[in-house]
Amino acid sequence: MQDINEIPRLLRWSEVSKIIPFSRSYVYDLIRQGRFPKGHKLIKGGQAVGWWDHEIRAFMNEQLDDSEDVVT
């Protein structure tokens, strides 16, 4: 049996917004540009969207790596 922390999780916007420092409109703009993970429909034909936890974490780690390259 898998540990509950090992099971892939879909995050709703309220959870994503606690992790990332961007507004919802900016995130959707980044998605259109292909620079942010796309959301996934929770139910086929439904409107609710979620983001995979591991994709959001990878995005944030990438941002951290990019910020370390900046010379201050």
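### Side note on the side chain of Asp-53
Consideration 1: Structurally, Asp-53 is set in helix α3 (residues 53-68).
Consideration 2: What makes Asp-53 buried here is its relative accessible area of 15%.
Consideration 3: Those residues in contact with Asp-53, other than ones at most four positions away along the chain, are Arg-9 and Leu-11.

### Details of the nonpolar core
Consideration 1: Grouped together as the largest cluster of nonpolar side chains are 12 residues: Leu-11, Trp-13, Val-16, Ile-20, Val-27, Leu-30, Ile-31, Phe-36, Val-49, Trp-51, Ile-56 and Phe-59.
Consideration 2: Looking at this core, the elements that each hand over two or more residues are α1 (13-19), α2 (24-33), β3 (49-52) and α3.
Consideration 3: Excluding residues that lie within four positions of it along the chain, Trp-13 makes contacts with Ile-20, Phe-22, Ser-23, Arg-24, Val-27 and Trp-51.

### So, the pattern of salt bridges
Consideration 1: The final tally for this structure, using the stated rule, is 2 salt bridges.
Consideration 2: Arg-9 serves as the salt-bridge partner of Glu-15, at 3.1 Å between the closest nitrogen and oxygen.
Consideration 3: Given the relative accessible area of 41%, Arg-9 is considered partly exposed.
Consideration 4: The residue Arg-57 makes a salt bridge to Asp-53 at a minimum N-O spacing of 3.0 Å. Linking Arg-57 with Asp-53, this pair stays in helix α3, spanning 4 residues, or about one helical turn.
Consideration 5: In this structure Arg-57 comes out as partly exposed when scored by relative accessible area, which is 45%.

### A short note on α2
Consideration 1: Among the residues of α2, Val-27, Leu-30 and Ile-31 are the ones counted as buried. An end-on view of α2 places all buried positions within 105 degrees of arc, on one side of the element. Exposed and oriented more than 90 degrees from the buried face of α2 are Ser-25 and Arg-32.
Consideration 2: Next to the buried residues of α2 lie α1 and β3.
Consideration 3: Phi for Gly-34, located one or two positions after α2, is positive at around 80 degrees.

Basis of the calculations
Residues numbered from 1 in each chain as written. Predicted model: local features only at pLDDT ≥ 70, side-chain atom pairs only at ≥ 80, totals over all residues. Heavy atoms only, no water. Helix = DSSP H or I, 4+ residues; strand = E, 2+ residues; numbered from the N terminus. Buried < 20%, exposed > 50% of the residue type's maximum accessible area, 1.4 Å probe, protein only. Contact = heavy atoms within 4.5 Å. Core = buried A, V, L, I, M, F, W, Y, C linked by side-chain atoms within 4.5 Å. Salt bridge = Lys/Arg side-chain N within 4 Å of Asp/Glu carboxyl O. Arc of directions from axis to C-beta.

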